[in-house]
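# Structural characterization, general
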Amino acid sequence: MSDEPIASPEIVATPALPPRPVWAVVTPSVPWCPDEWREHLEAIAPGISIGHGAPQHEEAVGTHGRRSGWELLVASRRGRLHAHRGEHREDAGTVLLCEHGWCAAVADGAGSAPYSRLGAAIAVHVVTDALRELLQAPAPRVDGVLPASTLRAALLTAASDVQRAMEAFAERTGCAPRALRTTLLVAALHHDAIGLLQVGDGGIVWLHDDGRTSQPMQGDSGEFSGEVAHFLPDAGALARLQQSVLVQPAAGCAAVLLASDGVEDPWYPLPRHAASLYQQLQQGVSSEHATAAGVSPAHTTTVLNAPDPVRALVEWLSFEKRGENDDRTLCVARRVGSVWAPLAAA
């Protein structure tokens, strides 16, 4: 037997895992709109500044309503990074009920633009107000049927109104138009047709009664990942917005989703995962209606059928996915009572 001592196995220390980030929720120290600009903002978009600036409005806002056999739900939640830094939410979303339908809009202010939160709020406010006024005006009928051109013309005019409003606000305040840069997604129901508009990124999803999902228009991606090719009110953005106009029959549509990129990116590619996302909203998260795209849900029960769907959607928007901490805005327009199920695999 050897007299050499037996060596103990070498103990290798396991490197400590980095601590999980602690996300703070900080109220912005600067006003949502500079005080000297409020009068100009109200002149451009009356009523827009009501409610902004209070701490409870910094985190999230939402609206819920019904009209013409449809249910409308929208919520916008400040992203964790903006909350941690004490910055304002740059997303905006709204829905308005009209005499013969509804109009909805979602906007995402550009992170590089210092007043994009104002641009996004102006865009959704002006486009929905303009659509409501235009679509409630008497329109000629052909053989008793309202032509689709009525809705198309209203969408084109409303798009121009947004561009003019943003330019007018920039001129009145002396800020550069680029400081207001924002995307814009719009959907509007008028009688038996739904019209859509989009400029910039984000996603619009159409859920068909037969269980299919489709993305009727593509966002404006730039040459590089995360780059957006067009923002309002930049040169060329209005033309892109008007070129995107699409009017389709409402028949056969179970729901329409408008999602800012804070929702689209975690669920990328959205057309593939839209079915799972919508089933979560309808049924909650379960083994049958599981999550997808690596998203960890924060709200696991139904959103659309909750007693308070606005609160439920705000909670749902706090889902987690690594690296995804942007503002999130989602609008859901669905036929009242519809229960959508994905098309069964062949």
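Residues numbered from 1 in each chain as written. Predicted model: local features only at pLDDT ≥ 70, side-chain atom pairs only at ≥ 80, totals over all residues. Heavy atoms only, no water.

With that settled, consider the overall build of the protein chain. For the protein chain, the helix and strand inventory stands at 9 helices and 11 strands. Relative to its 346 residues, the protein chain shows a buried fraction of 50%. Across the protein chain, the fraction of contacts at a sequence separation of at least 24, relative to all contacts at a separation of at least 6, is 68%. Summed over all atoms, the accessible surface of the protein chain reaches about 16,400 Å², with 53% contributed by carbon and sulfur. (Helix = DSSP H or I, 4+ residues; strand = E, 2+ residues; numbered from the N terminus. Buried < 20%, exposed > 50% of the residue type's maximum accessible area, 1.4 Å probe, protein only. Contact = heavy atoms within 4.5 Å. Areas by Shrake-Rupley, 256 points an atom, 1.4 Å probe, with all protein chains shown as cover.)

To continue, consider helix H4 (residues 116-136). In a regular helix each residue adds 1.5 Å, so 21 residues correspond to 30 Å; H4 covers 30 Å between its end C-alpha atoms and thus fits that length. With respect to burial, H4 is a largely interior element, 16 of its 21 residues being buried. (Expected span 1.5 Å × (residues − 1).)

To continue, consider the nonpolar core. Formed by 47 residues in total, the largest nonpolar core has its most connected members in Ile 122, Leu 131 and Leu 184. Listing elements by their share of this core, those giving two or more residues are helix H1 (38-44), strand S3 (91-98), strand S4 (101-108), H4, helix H5 (148-173), strand S5 (184-190), strand S6 (193-199) and helix H6 (237-243). Broken down by element, this core gets its largest block of residues, 11 residues, from H4. Apart from residues lying up to four places away in sequence, Leu 184 is in contact with Ala 105, Val 106, Ala 107, Ala 123, Val 124, Val 127, Val 162, Leu 197, Gln 198, Val 199, Leu 232 and Leu 241. Residues Ala 75, Leu 281, Val 310 and Leu 313 belong to the second largest nonpolar core, which totals 32 residues. (Core = buried A, V, L, I, M, F, W, Y, C linked by side-chain atoms within 4.5 Å.)

With respect to the helices, strands and loops of the structure, Arg 181 is situated in the loop between H5 and S5. One polar contact links Arg 181 to Asp 234, side chain to side chain, over a distance of 2.6 Å. (Polar contact = N/O pair within 3.5 Å; in protein donor to acceptor, adjacent residues only side chain to side chain.)

Moving on, we come to the pattern of salt bridges. In the structure shown here, the tally under the stated rule is 9 salt bridges. Across the pair Arg 334 and Glu 71 runs a salt bridge, and its minimum N-O distance is 3.1 Å. You can see Arg 334 sitting in strand S11 (residues 328-335) and its partner Glu 71 sitting in strand S2 (residues 70-77), a full 263 residues away along the chain. Its relative accessible area of 5% is what places Glu 71 among the buried residues. Close ionic contact of Asp 129 with Arg 132 constitutes a salt bridge, the shortest N to O distance being 3.8 Å. A residue pair is termed a helical-turn pair when its members lie 3 or 4 positions apart in one helix, as Asp 129 and Arg 132 do in helix H4 at 3 residues. Exposure remark for Asp 129: the relative accessible area of 26% places this residue in the partly exposed category. (Salt bridge = Lys/Arg side-chain N within 4 Å of Asp/Glu carboxyl O.)

This next bit is on the sheet that holds strand S1 (residues 60-67). Spatially, S1-S2-S11-S10-S7-S8 is the arrangement adopted by the 6 strands of the open sheet, whose pairing is antiparallel. The open sheet is flanked by S1 and strand S8 (213-214), the only strands paired with a single partner. Taken together, the 6 bridges between strand S7 (residues 203-208) and strand S10 (residues 253-259) define a ladder with antiparallel strand orientation. Residue pairing across strands places Gly 203 opposite Ala 259, the latter belonging to S10. Of the strands in this sheet, S7, S8, S10 and S11 touch helix H8 (residues 270-283), which is tilted by about 75° from S11. (Pairing = 2+ DSSP bridges. Axes fitted to C-alpha atoms, helices over the stretch in contact; angles between N-to-C directions.)

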